[in-house]
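Commentary on secondary and tertiary structure
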Amino acid sequence: MSRRWSDFDESDVKVRPNKRGSRPRTKESPDHPDAELGRVITVDRGRYRVHMHGSGDGERLVTAVRAKALRRSPIVPGDVVALVGDTSGGEGTLARLVRIEERSTLLRRSADDTDDAERVVVANADQLLVVVAAADPAPRTGFIDRALVAAFHAGIEPILLITKTDLAEDPADPAGLLAHYAELSLTTVVSRRRVADGGPGPGDDADALDEQAVARLHALLDGHVTAMIGHSGVGKSTMVNALTGADRATGDVNDVTGRGRHTSSSAVALRLRTPEAVSSPQGADDASAEDADSADGVSWIIDTPGVRSFGLAHVDPDDVLAAFGDLVQGSVDCEPGCAHESPQGGCALDAWVAAGRAGEHGPARLASLRGLLSSLSGSAEEQEEKRLGSSP
Ligand SMILES: Nc1nc2c(ncn2[C@@H]2O[C@H](COP(=O)(O)OP(=O)(O)OP(=O)(O)O)[C@@H](O)[C@H]2O)c(=O)[nH]1
Ligand SMILES: [Mg+2]
Ligand SMILES: [Zn+2]
């Protein structure tokens, strides 16, 4: 059955990054020469909370509603927008959001691989922090693989964060997980809860994280706009609090299901600060803010709600293979048109892996790739059926 336009809501609307509308979208737009720019930090029932450019430590935050012309445009945290009207940020004031500035990137996912209704997650991030826990909940390579594909597709640099290594049963962990990605040049940070000398004691801050991991992340995140993505309960908000001094709610993990409780319910962009308390390798200074390459010169981290699944219905199979940097070169010897889904039909990836070209974990990586590809081609077939079914 075909979907009618009325079935779509704003998160379904397809948006391509780097494509301008026909109207010029510059600061000098004749429509609203007096508009002021700011960055959307959170969205709540049609109200956009915007951090105004150049507001520095004063942090002028303005609440806005969007103009009618933008009714169908998804606007997400990270978006840079133009506001008119009362932009004082005074209590009870409401500005009007009249324009979305051109996005450098757009992170998207679909509900699942067989549903191409897209969700726009975050705009203008140049880094994606993929968060998994070493335990509680246990890490899944399938999730990491999908996040890496989405990042590659969106042109966003991925970083892998493995949290909760204090809970890993095997003290050598997360070595096994890291080995799986050894052939990729993937920046990885490992963190754990800080335990005082002599073990945990009363009065310990339960959410205090290992200082070295926090400092390392600071060094990687300063000057960037970084979106976080991960299952519920892996410790995203806990890390965001450590990095920003914010007080985002954190939740425990259900003992029975081993799953998080979906504590964070909306995405929020927070300013990254370099607190004196954190002994960053470069030392704490203000230079990072000036070096920042984000539009507003501010380093941002965007905490997102835990995802159940990371659908990739919007991603082309070729882009899936391209994100497997350890395998993609092996495909040059494939038969033309090879779908790489099985050893049959002249797929060269099996020989590539058998020759050890993708490292020790090559076979497992190839299995991951094929699992993903077949999940996506399943969706392609279903879509084709839908399309045929709806044609006269
Ligand atoms: N032992 C241990 N617990 C941690 C660590 N990091 C976070 N936690 C705990 O894990 C639980 C979940 O943390 P959150 O920060 O709420 O997780 P989240 O990823 O934001 O979860 P959602 O908002 O539901 O997506 C909390 O009880 C934290 O205290 C860690 O490194 N070690
Ligand atoms: Mg959270
Ligand atoms: Zn092939």
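Check the entry above for the structure.
A brief look at the structure comes next. (Residues numbered from 1 in each chain as written. Chains lettered and ligands numbered in written order. Predicted model: local features only at pLDDT ≥ 70, side-chain atom pairs only at ≥ 80, totals over all residues. Heavy atoms only, no water.)

Considering the arrangement of structural elements, one finds Leu 221 in helix H3 (residues 211–221). Separated by 92 residues in the primary sequence, Leu 221 and Leu 129 have C-alpha atoms spaced 9.4 Å apart. Leave out the neighbours within four places in its chain, and Leu 221 touches Gln 127, Ile 159, Thr 226, Leu 243, Leu 272, Ser 299 and Ile 301. (Helix = DSSP H or I, 4+ residues; strand = E, 2+ residues; numbered from the N terminus. Contact = heavy atoms within 4.5 Å.)

What follows covers the pattern of salt bridges. If you walk through the whole model with that rule in mind, you get 11 salt bridges. The partner of Asp 79 in a salt bridge is Arg 103, and the shortest N-O contact between them spans 2.7 Å. With Asp 79 in the loop between strand S3 (61–66) and strand S4 (80–85) and Arg 103 in the loop between strand S5 (95–100) and strand S6 (106–112), the pair connects residues that are 24 residues apart, well separated along the chain. Judged on exposure class, the residue Asp 79 and its partner Arg 103 are both buried. Between Glu 101 and Arg 99 there is a salt bridge; the shortest N-O distance is 2.9 Å. Owing to a relative accessible area of 11%, Glu 101 belongs among the buried residues under this scheme. On the accessibility criterion, Arg 99 (7% relative accessible area) is buried. Via salt bridges that share partners, Asp 145, Asp 326 and Arg 365 belong to a single interconnected network. (Salt bridge = Lys/Arg side-chain N within 4 Å of Asp/Glu carboxyl O. Buried < 20%, exposed > 50% of the residue type's maximum accessible area, 1.4 Å probe, protein only.)

Here we come to the pairing of S3. Pairing of strand S2 (residues 47–52) with S3 involves 4 bridges; the strand directions are antiparallel. When the sheet's bridge partners are listed, His 51 is paired in S3 with Leu 61. As judged from the 3 bridges shared by S3 and S5, these two strands associate in the parallel manner. Along S5, the bridge assignment pairs Arg 66 with Leu 97. (Pairing = 2+ DSSP bridges.)

Looking at the zinc ion (ligand 3), one finds its protein donor set to be Cys 334 (SG), Cys 338 (SG), His 340 (ND1) and Cys 347 (SG), positioned 2.1 to 2.4 Å from the metal centre. What the 4 donor atoms of the zinc ion (ligand 3) show is an angle range of 102 to 120° at the metal, which sorts the shape as tetrahedral. (Donors = N, O, S within 2.8 Å, 3.2 Å for Na, K, Ca; no water. Tetrahedral: all angles 85-135°; square planar, octahedral: opposite > 155°, others 65-115°.)

Further remarks concern the pairing of S4. Taken across its 6 residues, S4 has 5 buried, putting it largely inside the fold. The pairing of strand S1 (residues 36–44) with S4 spans 4 bridges and is antiparallel. Its bridge partner lying in S4, Glu 36 is registered against Leu 83. As paired elements, S4 and S5 share 5 bridges and run antiparallel to each other. Bridged to Ala 82 within S5 is Arg 99.

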